[in-house]
Amino acid sequence: MSQQIVVPAVHRLAQARTEENFPVALRVLPDRYRRHLLAVYGYARHVDDLGDEPQAPGVDRTAELDRIEAELRALATGRAVSHPVVRALAPTITGCRLPIEALIRLVEANRVDQRVTRYATFAQLVQYCTLSANPVGELVLHVFGQVGPARRELSDRICTALQIVEHLQDVAEDHRRGRIYLPGEDMDRFGVTEDDLARPAASRPLRELIAFEAERARAWLDAGAPLVSALHGWARLAVGGYVAGGRATLDALAAADHDPLRGAVRPDRRRALRRWLAATVRSAG
């Protein structure tokens, strides 16, 4: 199967998954914001799938990531591009003045995923999040035209927290793919081995480790939450939704006794909505 056939198919899959996972709170946004955010999420999902998902025969992950970066750099200099995902994102890059380097950091994160499968320290994991998560928050701020150094710093804290929460949800899935995002130093501290991650249910040491990392993530999320009140208009509503979703997921993890191995841990949508509304009211006050 040729790469010309595979890439559009992957693009359609990325768009479908983006629509499916698009935060409920953001569906109330005006179309001018929704379409740009969907373009950003579609791009991020496609690049992430290149790093994670099984690929069709004949598709070279690294070569495809290299191609996307080359096309982004070509677009930045006014040259024509052919990659469907980059072409779909082009109007948003131009209309919202998206920084090309932020988009390229997402590509680099998935290059890292091809060679790094373990993180010895929490600091190393946070550094990985500067590539894998934080650029998305920066791009969202650009979509709303509300970028600034202080806002970006707060956004980075939120995005790092949300990435850690996602890793906690996906412990079993990541392990099956040969990756562990729980810091090695913390696994040693709680007496958790890699074999524990392959069990049908979490052991007590693993649940204690997950609870520890969840509180870490909550602290990072709380540290970034002042961004909501620093924004205005639809941006405040959207970012409040992200924060509320992260907190609702942490609540769901706690309700599952911090065991992500028994099954998917997903937030209760009504609880997420309540948290979203509460955060919006507080920020308005």
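As annotated in an unreviewed UniProt entry, the protein carries the name Squalene synthase HpnC and is attributed to Micromonospora avicenniae.

K.L.:
Which parts of the structure should I look at to understand the pattern of salt bridges?
P.N.:
Taken as a whole and judged by the stated rule, the model has 23 salt bridges. Taking the shortest distance from any N to any O, the salt bridge between Asp 66 and Arg 111 comes out at 3.0 Å. Here Asp 66, found in helix H3 (residues 61-76), pairs with Arg 111, found in helix H5 (residues 100-115); they are 45 residues apart in sequence, far enough to count as distant. Among the residues examined, Asp 66 registers a relative accessible area of 36% and is labelled partly exposed. The class for Arg 111 is buried, based on a relative accessible area of 16%. Between Asp 196 and Arg 199 there is a salt bridge; the shortest N-O distance is 3.1 Å. Its relative accessible area of 44% is what places Arg 199 among the partly exposed residues. Residues joined in a network through salt bridges with shared partners are Asp 66, Glu 69, Arg 73, Glu 101, Glu 108, Arg 111 and Arg 115.

K.L.:
I'm lost on the environment of Gly 178 in this one. Help?
P.N.:
Take Gly 178: it is sitting in the loop between helix H9 (171-176) and helix H10 (184-190). Discounting chain neighbours no more than four positions away, the residues touching Gly 178 are Thr 117 and Arg 118.

K.L.:
Can you walk me through the packing of aromatic side chains in this structure?
P.N.:
Any pair of aromatic rings gets described here by the distance separating the centres and the angle formed by the planes. Taken as a whole and judged by the stated rule, the model has six aromatic pairs. Summarising the aromatic geometry, the rings of Tyr 119 and Tyr 128 are spaced 5.4 Å apart at their centres and angled 40 degrees between planes, so their arrangement reads as tilted. With relative accessibility at 7%, the residue Tyr 128 sits in the buried group. Where Phe 190 meets Phe 212, the ring centres are 5.4 Å apart and the plane angle is 45 degrees; that geometry is what we call tilted. Here Phe 212 lies in helix H11 (residues 204-224) and Phe 190 lies in helix H10, a separation of 22 residues in the sequence. The ring centre of Phe 122 lies 3.9 Å from the NZ or CZ of Arg 216, which sits over that ring.

Procedures and definitions
Residues numbered from 1 in each chain as written. Predicted model: local features only at pLDDT ≥ 70, side-chain atom pairs only at ≥ 80, totals over all residues. Heavy atoms only, no water. Salt bridge = Lys/Arg side-chain N within 4 Å of Asp/Glu carboxyl O. Helix = DSSP H or I, 4+ residues; strand = E, 2+ residues; numbered from the N terminus. Buried < 20%, exposed > 50% of the residue type's maximum accessible area, 1.4 Å probe, protein only. Contact = heavy atoms within 4.5 Å. Phe/Tyr/Trp six-rings, centres within 6.5 Å; stacked < 30°, edge-to-face > 60°. Lys NZ or Arg CZ within 6 Å of the ring centre and 35° of its normal.

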